[in-house]
Amino acid sequence: MASSIPDTSPHTTASWADFTAAEPALAATVEARFGAYTHHTLATLRKDGSPRTSGLEVRFLGGELWLGMMPGSLKALDLRRDARFAVQANPGDGTGMGGGDVRIGGRAVEVEDPGVRAGYVKEVEPPEPFHLFRTELTEVVRTYVADDAYLVVQVWQPGKPLRTFRRT
């Protein structure tokens, strides 16, 4: 379904496997942060272009980051209309942010292939029917406090070296 909203996102994308190969230590940290909790926050774009946030579960399987959703959910309809998304790991209870705050941005591509869907069902056992989206990453960001003295922001984008910023 074509979007009526202009797509100004970067068009260079990467799979989760590409990111893992490029930055294995950061990828392990990001995956651990998402693995610490089941539910995370997905940001999509509504019909009018305004943001929508929703809860969801993510899966890292077969070198891909997968987003599964209930049939007809607004977030799934948003992604069908405009594939851009951001998903932020659940920060957990209190102020503890072990591993930092992590966010992944990119494009979500709905998967209709019966073989791929069957593999996902075998691994995840989701309630059926469901929407399944494979992600194409455009950015991974980790933010954390180092030495109780400064904020560290790590930004990875496909085809670019990892950038690290420190703020006091």
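Source: prediction; values computed, not measured.

Draft legend 1. Region of the structure containing the overall build of the protein. Within the protein, the secondary structure is distributed over 4 helices and 9 strands. Its C-alpha radius of gyration of 16 Å places the protein within 12% of the 15 Å reference for a compact globule of 168 residues. Projected onto the principal axes, the alpha-carbon positions of the protein cover approximately 50 × 35 × 30 Å. For the protein, the share of sequence-separated contacts (at least 6 apart) that also reach a separation of at least 24 residues comes to 57%. Looking at the protein as shown, the accessible area adds up to about 9000 Å², and 53% of this sits on carbon and sulfur atoms. Once the 19 positive and 21 negative side-chain charges of the protein are each reduced to a mean point, those two points are 5 Å apart.

Draft legend 2. Representation of the confidence of the model for the protein in the model. Summarising the model, the protein shows a mean pLDDT of 91, and 90% of its residues fall at 70 or more. Between residues 1-10, whose pLDDT stays under 50, and residues either more than four places distant or in other chains, the model counts 17 contacts.

Draft legend 3. Spatial organisation of the pattern of salt bridges. A complete count under the given rule lists 7 salt bridges for this structure. A salt bridge links Asp78 to Arg52; the shortest N-O distance between them is 2.5 Å. Taken together, the residues span a long stretch of sequence, with Asp78 in helix 3 (residues 74-81) and Arg52 in strand 2 (residues 51-56) at a distance of 26 residues. By the burial criterion, Asp78 is buried, and Arg52 matches it. Close ionic contact of Asp78 with Arg81 constitutes a salt bridge, the shortest N to O distance being 2.5 Å. Of the two residues, Asp78 and Arg81 are both situated in helix 3; the distance of 3 residues between them amounts to about one turn of the helix.

Draft legend 4. Unusual backbone geometry, seen in detail. Put simply, Glu128 and Pro129 share a cis peptide bond, and its omega is 0°. Unusually for a residue other than glycine, Asp148 sits at a positive phi of about 50°. Here Asp148 lies in the loop between strand 7 (131-146) and strand 8 (150-156). Owing to a relative accessible area of 79%, Asp148 belongs among the exposed residues under this scheme.

Draft legend 5. Focus on the pairing of strand 7. By the bridge criterion, 4 bridges tie strand 4 (residues 64-69) to strand 7 in an arrangement that is antiparallel. Opposite Trp66, over in strand 7, you have Arg134 as the bridge partner. Where strand 6 (residues 101-110) and strand 7 come together, 10 bridges link them in antiparallel fashion. Its bridge partner being in strand 7, Glu110 is matched across the sheet by Phe133. In the sheet, strand 7 pairs with strand 8 via 7 bridges, with the strands oriented antiparallel.

Draft legend 6. Structural context of the nonpolar core. Ranked by size, the top nonpolar core spans 26 residues in total, and within it Trp16, Phe34, Leu67 and Ile104 carry the most contacts. Listing elements by their share of this core, those giving two or more residues are helix 1 (16-22), helix 2 (24-35), strand 3 (58-61), strand 4, helix 3, strand 5 (84-88), strand 6 and strand 7. If you tally residues by element for this core, the top one is helix 2, at 4 residues. Excluding residues within four positions of it along the chain, Trp16 makes contact with Ala27, Val30, Glu31, Phe60, Gly63, Glu64, Leu65, Ile104 and Leu137. With 6 residues, the next largest nonpolar core counts Trp66, Val111, Tyr120 and Phe130 among its residues.

Analysis parameters
Within every chain, residues take consecutive numbers counted from 1 along the sequence as written. With pLDDT at 70 or above as the cut-off, local features in this predicted model cover only qualifying residues; side-chain atom pairs require 80 or more to be listed or tallied, and sums for whole chains, interfaces and linings still use all residues. Computation of side-chain values: all heavy atoms of the structure, hydrogens and water removed. Comment: elements are numbered from the N terminus, with helices defined as DSSP H or I runs of at least four residues and strands as E runs of at least two. Each radius of gyration reported is based on C-alpha atoms, and the globular scaling rule is 2.2 Å times the count of residues to the power 0.38. In what follows, residue pairs with any heavy atoms lying within 4.5 Å of each other are defined as contacts. Surface accessibility in these figures is a Shrake-Rupley result with a 1.4 Å probe; residues are shielded only by whichever protein chains are displayed. All tallies of charge rest on Lys and Arg as positive and Asp and Glu as negative; His and the ends of each chain are not included. We put the charge of a Lys on NZ, of an Arg on CZ, of an Asp on CG and of a Glu on CD. Confidence of the predictor at the level of single residues is captured by pLDDT, which takes values from 0 to 100. Only one rule defines a salt bridge in this text: a Lys or Arg side-chain nitrogen within 4 Å of an Asp or Glu carboxyl oxygen. Each residue gets one of three labels from its accessible area relative to the maximum for its type: buried under 20%, exposed over 50%, partly exposed in between, using a 1.4 Å probe on protein chains only. The criterion for strand pairing is that DSSP finds at least two bridges linking the strands in question. We call a set of buried Ala, Val, Leu, Ile, Met, Phe, Trp, Tyr and Cys residues a nonpolar core when their side-chain atoms join them within 4.5 Å.

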